[in-house]
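Residue strings, one per chain:
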Amino acid sequence: MFDVIIAGGGPTGSMLASELRLQGVQVLVLEKLVEPVPYVRSLGLHARSIEVMDQRGLLDRFLALGKQYPIRGFFAAIDKPAPERLNTTHPYVLGIRQPVTDRLLAERATELGAEIRRGCELTGLTQDDDGVTAELAHGTRLRCRYLVGCDGGRSTVRKLLGVGFPGEPSRVETLLGEMEVGVPPEEVAAVVAEVRTTEKRFGLGPFGDKVFRVVVPADGMAEDRSVPPTLEDFKRQLRATAGTDFGVHSPRWLSRFGDATRLAERFRVGRVLLAGDAAHVHPPLGGQGLNVGIQDAFNLGWKLAAEVGGWAPAGLLDSYHTERHPVAADVLNNTRAQMELTSTEPGPRAMLRLVAELMDFEEVNRYLIEKLIGTAIRYDFGEGHDLLGRRLRDVRLKKGRVYEQMRGGRGLLLDQTGRLSVAGWAGRVDHVVDVSEELDVPAVLLRPDGHVAWVGEDQQDLIAPLGRWFGAAAT
């Protein structure tokens, strides 16, 4: 019996596998594809995901293969300067193609001891009080204590569970691909700049080796969106949108996507959970999809490991749904709003102009951008200090940085008083006595995902949050 089987070996599944392996959980990842897809759906990591990589010691790998860009032009493609005073030490977008992100996260999961089986498709599951039986396409049955569906928007796991997936179906379609162009780059840039004054779902951007990434609206929904479009489809839509097909040729890959917006009613059914696109789908505006999936895994991993390890306090695993479902709902809302603002109809165009004017106010600009980059999230931990429920940014200590202390995926008591103790929880919580000029509170208790679970200086006050998030004290 495996401790956890993960259906889906994309970024969400690989991130979750790594988080579980940090806690010694036996993990099997099932990926139905024999080889990774070449499609570049996502182009980068937002600030919160960059912080996640930093907290786990992975950021240098990503920085070596990516490029840092200013945070601007992300909300509904409204090009405003990057907001000032963002509450993060990583105020940039890391441009990195999704196949690279997939590879780096899969490599990390394997390094930590996760087993990844490709060409293995889950087709059935049943669960009982003791575990879950997973049925594979070739007839094999596997047994595990818990199973997590990270298998995308058409999730087999979600369908087998019978979990509702309410929302709106696709209304518009967009073609996406990589190909060479037959005109000078300067001509491409000039036409794109003109067209994008009215059509925000259009773009051609250089992708290296004479290849351009092409995004163009499609005038009708395909009968089967799983069938890739043809080069002729691209040419036709380019001519209709821009008046030229730019002489596109020699495509590397071609795909299409819609604007379906749906949210699973539940993220947990017994011993089976959902994460990433299996739990929520939305248009790609703002580049949030991959990032939200990685952050789902970061929230779930330590909680599921605690359940497997037998020390999880009551309700800890259920808090995954309680915390992440509202986050996903907010992402769906902001992408709905962005899609409306990309419409070429007079009403949405007027609203776009108004929102652009409002974003000239620094507070509005920062508020909208922080929604996209994930740094504004605050989980409901009840009444208390303003930091409670928020993730703590990476503050500098006298002996290093906070995120450097979180590599092992454990809780952390950052104690600036030197008078506190985690006795009874030392196996689950690290106690760091250090000081920071950037932190004006005596001490903070951080969960393994970096969110603040307690602020204070009294040892007796600390006992309850230690028990709430890290279970009963060891005797």
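Above this note sits the structure.
This one's a predicted model, so the numbers in the text were calculated from it and none came from an experiment.

(A) Representation of the pattern of salt bridges in the model. Counted under the stated rule, the structure contains 39 salt bridges. Between Asp 54 and Arg 407 there is a salt bridge, with its nearest N and O atoms 3.8 Å apart. Of this pair, Asp 54 sits in helix α2 (residues 47–55) while Arg 407 is found in the loop between β20 (400–401) and β21 (411–415), placing the two residues 353 residues apart along the sequence. Overall, the relative accessible area of 5% leaves Asp 54 in the buried class. What makes Arg 407 partly exposed here is its relative accessible area of 29%.

(B) Representation of a nonpolar patch on the surface within the structure. There is a patch of nonpolar side chains on the surface, built from Met 351, Leu 354, Leu 358 and Phe 361 and spanning about 390 Å² of accessible area. Mapped onto the secondary structure, Leu 354 falls in helix α10 (residues 346–358). For Leu 354, a relative accessible area of 41% puts it in the partly exposed group.

(C) View of the layout of surface pockets. Of the voids in this model, the second largest pocket is the one considered here, and its volume is about 460 Å³. Residue lining of the second largest pocket: 30 residues in total, with Glu 323, Val 327, Ile 377, Arg 378 and Tyr 379 positioned closest to the centre. Of all the elements in the fold, those that place two or more residues in the lining of the second largest pocket are α8 (289–309), α9 (319–341), α11 (362–373) and α12 (459–470). Ranked by the residues each element gives to the lining of the second largest pocket, the list is headed by α9, at 7 residues.

The rules behind these values
Residues numbered from 1 in each chain as written. Predicted model: local features only at pLDDT ≥ 70, side-chain atom pairs only at ≥ 80, totals over all residues. Heavy atoms only, no water. Salt bridge = Lys/Arg side-chain N within 4 Å of Asp/Glu carboxyl O. Helix = DSSP H or I, 4+ residues; strand = E, 2+ residues; numbered from the N terminus. Buried < 20%, exposed > 50% of the residue type's maximum accessible area, 1.4 Å probe, protein only. Patch = residues over 30% accessible without salt bridge, like charges linked within 9 Å, V, L, I, M, F, W, Y side chains within 5 Å. Areas by Shrake-Rupley, 256 points an atom, 1.4 Å probe, with all protein chains shown as cover. 1 Å grid on protein atoms, 1.4 Å probe; cavity = no way out; pocket = protein on both sides within 12 Å on 5 of 7 lines; lining within 4 Å. Points joined across faces, edges and corners; volume = space filled by probe spheres on them.

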